[in-house]
Amino acid sequence: MHNRSARQGLERPPLIDTRDLEAARVLFATIYGDLSADTVGRGHRFEWRATPVDMGPVALFSGVFVSGMCLRGVSSGYTVSMATGGSVRAASSGDAAEIAPGRSAAVFSPGARSEWSAEGPARPMNLRVDARYFEAQLEALTGVAIRGPLAFSLSMPTTDGPGTFLARLCRFLSTETERAGRALGHPVVMASLGEAVARALLFGQPHDHAHLLEKAAPPSSRSVVRLVEEYLDAHAEGPIGTADLTTLAGASMASIDGAFAYRGATPWDFLRKRRLLLARDRLLLAEPGETAASVAHAAGYLRVERFGAAYAAEFGETPAETRRRGLLAAEAPPSPRPRATSPSPRGAEAATVFLVHRDPCWRGAAAGLLQEAGHVVQAFASSLALLEAARAVVSGCVVLDVQLPDLNGLEVRALLREEGCALPVVFTSDDGDVTVAVEAMKAGAVDFLAEPLDAEALLAAVARALALDAEARAARAEVEALAARLAALSPRQREVCERVAQGMLNKQIATELGISMSAVRLYRAEGMEKLGVASAAELASLFARLERVTGAGGG
């Protein structure tokens, strides 16, 4: 048997597995407080198995009593008791309640004599919250000193309201712990979980201090909004709690929320957005070993799927797509180096020439000629095959027959554009129709080649198309690289750096943004360090370059 111990992470929690009732009584007293423990019924030998999940001020104990069990006494903390199996009864301060799997739970308050009993085998799932932490949360929310423990109503439904949230959270943590493979103990996640549990109980379960939460608090001044936002901006990578903000502002959380009302958001909305921006920075950096789970946890999300949904709603793309952009930007050359001929540089992905022609003889001859010149070639007889293959291609060009049997070449080129494929196109035709050639050039063709096959003209046209593709990819890579550098800035750092690039003085920036001169100097220094520039002139050059490449259609 392993005793419960405080841990910073949940990588592989210890397992409680004992048939020793005396040893179990010691553990019960350590976990819950001054409790007595006895078995109930005959013919069952005592056995207790449980998996603790320690999250700082909040801990979960899920497991099984093989025999009937009765715990009596005074709890030292706040406990939400649920069950996933068995028939369990609860009593406290003259009230009684049933703990029914999937339907109801019991909330035990510290200082009150309570009883938990199961007539037979049961699968309890108990969420314990440290009393001082819990009461400090209420103090921070209301600004009122709490002199004693809160008295909660005993029965709590788990079919709606806070009970549903707590039951789902406990089931999720219990399942993840049993898998014993994932690290759920990130400090940001732990802080977020603790506050979420405390708020669910304070706002959702009746208690004798609820009137404090119903009192309207006078809003703080708008200067507090700037102060809080700057604090959140600077500390978003670490755990932040309600008490941190109330200590900073010298006001209750209700007053701070009131001050934020004109923004149409709460401080926590601001923090979530800031952490999503930081998550995007991490994904764009594409560091080896970084996973979706590690980025989600750093952003304060316990569940990766919820992080993915919030991320997609904020940025219009999935975390995987952002990471892929980061990898492409990291692998892209720092400046365009167009080649006169097609072979790709060693170590880089070879450009592909897609050859689409209805005539197998023409197609075979052209493919052989291009391969002999050093090109990577994929040849197709239909447009549908091309459209499928081109989706996954990063670089290259297309040599396209105007008179394909399924779709004509102009229609194929339009479909490629709709699917986001920007590969340059060289059209070929044996018709000699000038009107078709004009339409092809208007559609953005690099060249229009008349058949029969002219080897020199084909090689020259492909070389031009690949050079154009290299230039376009380099421009896109430059935009990605510059955008990644700018994305590393906090919102305030970017605001300051943009104004420095425009030639504004520190004093002017401080006045315009409503912050101090020392704050401007700090954000300016931090921003320039992140961007890798040493002077205002270099900063102005960087912003001008980004405007130039995006304005030229590089994005």
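Provided above is the structure to which this section pertains.
What you see is a predicted model, and the numbers here were worked out from it, not measured in a lab. (Residues numbered from 1 in each chain as written. Predicted model: local features only at pLDDT ≥ 70, side-chain atom pairs only at ≥ 80, totals over all residues. Heavy atoms only, no water.)

K.L.:
Looking at this structure, how should I read the packing of aromatic side chains?
P.N.:
Each aromatic ring pair is characterised by the separation of its centres together with the angle its planes make. Applying the stated criterion across every chain yields a total of 12 aromatic pairs. Relative to Phe134, the ring of Tyr78 lies with its centre 4.6 Å away and its plane at 35°, an arrangement referred to as tilted. With Tyr78 in strand E6 (residues 78–85) and Phe134 in helix H2 (residues 131–142), this residue pair connects regions lying 56 residues apart in the sequence. A relative accessible area of 1% places Tyr78 in the buried class. Under the relative-accessibility criterion, Phe134 is labelled buried at 0%. (Phe/Tyr/Trp six-rings, centres within 6.5 Å; stacked < 30°, edge-to-face > 60°. Helix = DSSP H or I, 4+ residues; strand = E, 2+ residues; numbered from the N terminus. Buried < 20%, exposed > 50% of the residue type's maximum accessible area, 1.4 Å probe, protein only.)

K.L.:
Which parts of the structure should I look at to understand the packing of H2 against helix H7 (residues 242–249)?
P.N.:
What describes two packed helices is the angle between their axes and the distance between those same axes. Close contact between H2 and H7 brings their axes to 9 Å; oriented N to C, the two are set at 40°. Here H2 lies oblique to H7, going by the angle between them. Both H2 and H7 take part in a crossing whose hand is left-handed. Touching Gln137, Ala140 and Leu141 of H2 are Thr242, Ala243 and Thr246, all from H7. Looking at the contact of H2 with H7, its residues break down into 3 nonpolar, 3 polar and no charged. (Axes fitted to C-alpha atoms, helices over the stretch in contact; angles between N-to-C directions. Parallel < 35°, antiparallel > 145°, perpendicular 65-115°, else oblique. Left-handed = near helix turned anticlockwise from the far one by under 90°. Contact = heavy atoms within 4.5 Å. Nonpolar A, V, L, I, M, F, W, Y, C, P; charged D, E, K, R; others polar.)

K.L.:
How do you make sense of the sheet that holds strand E9 (residues 104–108) when you look at a structure like this?
P.N.:
Overall, antiparallel pairing links the 7 strands, which are arranged E1-E3-E4-E11-E6-E9-E12 in an open sheet. The open sheet is flanked by strand E1 (16–18) and strand E12 (155–157), the only strands paired with a single partner. The sheet shows a mean angle of 20° between the axes of neighbouring strands, direction not considered. (Pairing = 2+ DSSP bridges.)

K.L.:
Just to check I follow, could you spell out the pattern of salt bridges for this structure?
P.N.:
Pairing between side chains becomes possible if they bear opposite charge and their charged atoms approach one another. One pass over the structure, following the stated rule, counts 18 salt bridges. The closest approach of N and O atoms between Asp447 and Arg464, which form a salt bridge, is 2.3 Å. Of this pair, Asp447 sits in strand E17 (residues 447–450) while Arg464 sits in helix H17 (residues 455–487), placing them 17 residues apart in sequence. Its relative accessible area of 40% is what places Arg464 among the partly exposed residues. As a salt-bridge pair, Glu495 and Arg492 come within 2.9 Å of each other at their nearest N and O atoms. With a gap of 3 residues between them, Glu495 and Arg492 both fall in helix H18 (residues 491–501), about one helical turn apart. Since its relative accessible area comes to 30%, Glu495 is described here as partly exposed. (Salt bridge = Lys/Arg side-chain N within 4 Å of Asp/Glu carboxyl O.)

K.L.:
What's the story with helix H20 (residues 517–531) in this structure? I'm lost.
P.N.:
Count 3.6 residues to each turn of an α-helix, and residues three or four apart come out pointing the same way. For H20, which comprises 15 residues, the first-to-last C-alpha distance of 21 Å matches the rise-based estimate of 21 Å (1.5 Å per residue) to within 8%. Looking at H20, one finds that the buried residues are Ala519, Val520, Tyr523, Gly527, Met528 and Leu531. Axial view of H20: buried residues confined to an arc of 150°, hence all on one face. Just beyond H20, the residue with positive phi is Gly532, at close to 75°. (Expected span 1.5 Å × (residues − 1). Arc of directions from axis to C-beta.)

K.L.:
Where do I start with the sheet that holds E17 in this structure?
P.N.:
Within a sheet, neighbouring strands are paired by backbone hydrogen bonds and run either parallel or antiparallel to one another. Taking strand neighbours across the sheet as the criterion, the 5 strands line up as E14-E13-E15-E16-E17 in an open arrangement whose pairing is parallel. On the outer flanks of this sheet lie strand E14 (376–380) and E17, each paired with one strand and no other. In this sheet, adjacent strand axes meet at a mean angle of 20° when their direction is disregarded. For strand E13 (residues 352–356) and strand E15 (residues 396–401), the ladder comprises 5 bridges, and the chain directions are parallel. By the bridge assignment, Leu355 is partnered in E15 with Val399.

K.L.:
Before we go on, may I ask you to explain the side chain of Arg275 in this structure?
P.N.:
Within the secondary structure, Arg275 is located in helix H9 (residues 267–285). In this structure Arg275 is buried but unpaired, with Asp244 as the nearest side chain of opposite charge at 8.2 Å. Among residues more than four places away in sequence, those in contact with Arg275 are Val188, Ser192, Ala236, Gly238, Pro239, Ile240 and Ala299. (Lys, Arg positive; Asp, Glu negative; His and termini not counted.)

K.L.:
Where do I start with helix H13 (residues 360–372) in this structure?
P.N.:
If you check H13, its first and last C-alpha atoms are 18 Å apart, about what 13 residues at 1.5 Å a residue would give, namely 18 Å. In this fold, the buried residues of H13 make contact with E13, E14, E15, strand E16 (425–429) and H17. Two or three places before Cys361, at the opening of H13, Asp359 has a side-chain oxygen 2.9 Å from that residue's backbone nitrogen. Positioned one or two residues after H13, Gly374 has a phi angle of 100°, which is positive. (Polar contact = N/O pair within 3.5 Å; in protein donor to acceptor, adjacent residues only side chain to side chain.)

K.L.:
What is the right way to read the pairing of E13 from this model?
P.N.:
For E13, a buried count of 5 out of 5 residues is recorded, marking the element as mostly surrounded by other parts of the structure. Side chains Thr352, Phe354 and Val356 project from E13 onto one buried face, and the interleaved Val353 and Leu355 project onto a second face that is buried too. At this point the chain moves from E13, through H13, to the parallel E14, and the crossover so formed is right-handed. (Right-handed = clockwise from strand over helix to strand, strands pointing away.)

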